[in-house]
Amino acid sequence: MQNDVFHIKENHIQAAEMVFDKIFERTRKKKYIISIAGEVSSGKTTLAYLLGRMMKMNDVKSKILDLVDFYKVPPLERRTYREQHGLDTIGVNEYDWDMIEATLKSFRNGNSVKLPLVDLHTDEVDTINTNFKNVQVLIISGLYASYCSDVDYKIFMELTYRETYEAQKYTGKEVMDSFRKKILEKEHKAVQKQKNDADIYIDFNTFLDSYHL
Amino acid sequence: MLEDILLITDKHRKAATVIVDEILKNKTVKYIVAISGESGSGKSELTHVVAKEMRKHGIFAKPIHIDNFYNTLPLERTQWRVDNGIEKVVGLSEYKWDEINKVIDDFKNSRKSSMPCVDLVTEQIDTLTTDFNGIDMLIIDGLYAINTDNVDLRIFIELTYHETKKAQKDRGKEPQNEYRMRVLEQEHIAALSIKNKAHLFVDMDYKVVKA
């Protein structure tokens, strides 16, 4: 995603350090995929960014991907599409999983790829050509990032959708109304299904207690 | 530029309001704005807020960051500058102006355009492809952005690296050392040499004033 803005807080840094300490040695041994799934505005992008920076400072190259770039329907058409097709369309199937899986495979093989990249200023879907040859770690964040196959380490970030509502008002990414609220509830249910599958569970409400599931 | 850090504050929002008013007064089809200023002066922050404000007026603005167009790779730049002499090579000629001008031409003609795009986490240069069809405005952001031809509104932020040392440190972008200081001084001299091209200045107190 281009032109996204996020706010780094102390608890994000602590979470990133905790995850980094657990996995850093493993990332040096093989091409490593980390998924960061969780609720809207729970800090997934921020954690991804901080992890990437920490890896960089320790000479491990990581590429950060956001599943938001892999929606089948582009941003400017999504709301109308959702309204026309109803709430049943909301969820995991809104993403282009074939392309996501192909991207993971390219990463494992160290190939070049062409990826979609949304610009939040223009809401256009640009494309980016990148080379995975020298990239050792792939960090994928997104509502349903745990659904990716072949992930080495799965992070789940907790937040109830009521808090999400407040957080979204703050980042001001989307217009909040009753339809958007219904979407969030639907997404919340689908997101929570990934919880049992996580290697680590981060809940800022209980402030950095981590649970191994 | 991928994975860059921005520190947006009220001073950027206030300056952006004045700049947006100025743009709305003068805006023509396929309008180009350039924002220059030294390292840490808030170019990218200002660019971000202006682009976001334009969208509220129904105008789609695409930011283009000049630092994507360096002649040298991020990881090799320091060595290259040291080898060739900082005082000799740091300046306007470090950028691929041909490629910048090509992007501007693509924008003016609503074409698809490919350009370099630095990822600050991988420190690799990716290639970004975008479609300028439907994009109303371009905001070029970079140390020497106002040096670009065919720009409609040129903005220069007057804060120098002496004042912005703190901002640099907060962004944790580059180490503060003797080499860095010599680069900053050289960039300062080069920026001053194009300052007279500006239509608007953002002064030391972040107030917007006309040239």
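Computed from a predicted structure; not experimentally measured.

Chemist: Would you take a moment to explain the packing of helix H3 (residues 75–85) of chain A against helix H6 (residues 178–192) of chain A for this structure?
Modeler: To describe two helices that pack against each other, one gives the angle between their axes and the distance between the axes. Residues and elements named next belong to chain A. Following both chains from N to C, one finds H3 and H6 inclined at 80°, their axes separated by 12 Å at the closest point. Comparing the axis directions of H3 and H6 gives the class roughly perpendicular. Every residue of H6 that contacts H3 at Arg79, Arg82 and Glu83 is listed here: Phe179, Arg180, Ile183 and Glu187. Of the residues in the contact of H3 with H6, the class split is two nonpolar, no polar and five charged.

Chemist: Looking at this structure, I do not really get the sheet that holds strand E4 (residues 125–131) of chain A. What am I missing?
Modeler: Working definition: the strands of a sheet are paired by backbone hydrogen bonds and lie parallel or antiparallel to each other. Spatial strand order, E3(A)-E4(A)-E4(B)-E3(B): four strands in an open sheet with antiparallel pairing. Bordering the open sheet on either side are strand E3 (112–118) of chain A together with strand E3 (112–119) of chain B, each of which pairs with just one other strand. On average, each strand axis in the sheet is inclined to that of its neighbour by 30°, with strand direction left out of account.

Chemist: What am I meant to see in the interface of chain A and chain B here?
Modeler: Accessible area lost on assembly of the parts is the figure often given for the size of an interface. Tallying the contact residues gives 29 residues for chain A and 30 residues for chain B. Buried area between chain A and chain B, summed over both chains or domains, comes out near 2,500 Å², and the portion from carbon and sulfur atoms is 49%. The interface formed by chain A and chain B contains six salt bridges. Among the salt bridges present, the one from A:Lys63 reaches B:Asp119, with a minimum N-O distance of 2.7 Å. Summed over the shared surface of chain A and chain B, the number is 16 residue pairs in polar contact (both at pLDDT 80 or more). Where the side of chain A that touches chain B is concerned, the elements lending two or more residues are helix H2 (44–57), strand E2 (62–66) and E4 of chain A. In terms of residue count, E4(A) provides more of the side of chain A that touches chain B than any other element does, six residues in total. When the residues that make up the side of chain A that touches chain B are grouped by side-chain class, the tally is nine nonpolar, 12 polar and eight charged.

Cut-offs and rules
- Residues numbered from 1 in each chain as written.
- Chains lettered and ligands numbered in written order.
- Predicted model: local features only at pLDDT ≥ 70, side-chain atom pairs only at ≥ 80, totals over all residues.
- Heavy atoms only, no water.
- Axes fitted to C-alpha atoms, helices over the stretch in contact; angles between N-to-C directions.
- Helix = DSSP H or I, 4+ residues; strand = E, 2+ residues; numbered from the N terminus.
- Parallel < 35°, antiparallel > 145°, perpendicular 65-115°, else oblique.
- Contact = heavy atoms within 4.5 Å.
- Nonpolar A, V, L, I, M, F, W, Y, C, P; charged D, E, K, R; others polar.
- Pairing = 2+ DSSP bridges.
- Buried area = accessible area lost by both parts, 1.4 Å probe.
- Salt bridge = Lys/Arg side-chain N within 4 Å of Asp/Glu carboxyl O.
- Polar contact = N/O pair within 3.5 Å; in protein donor to acceptor, adjacent residues only side chain to side chain.

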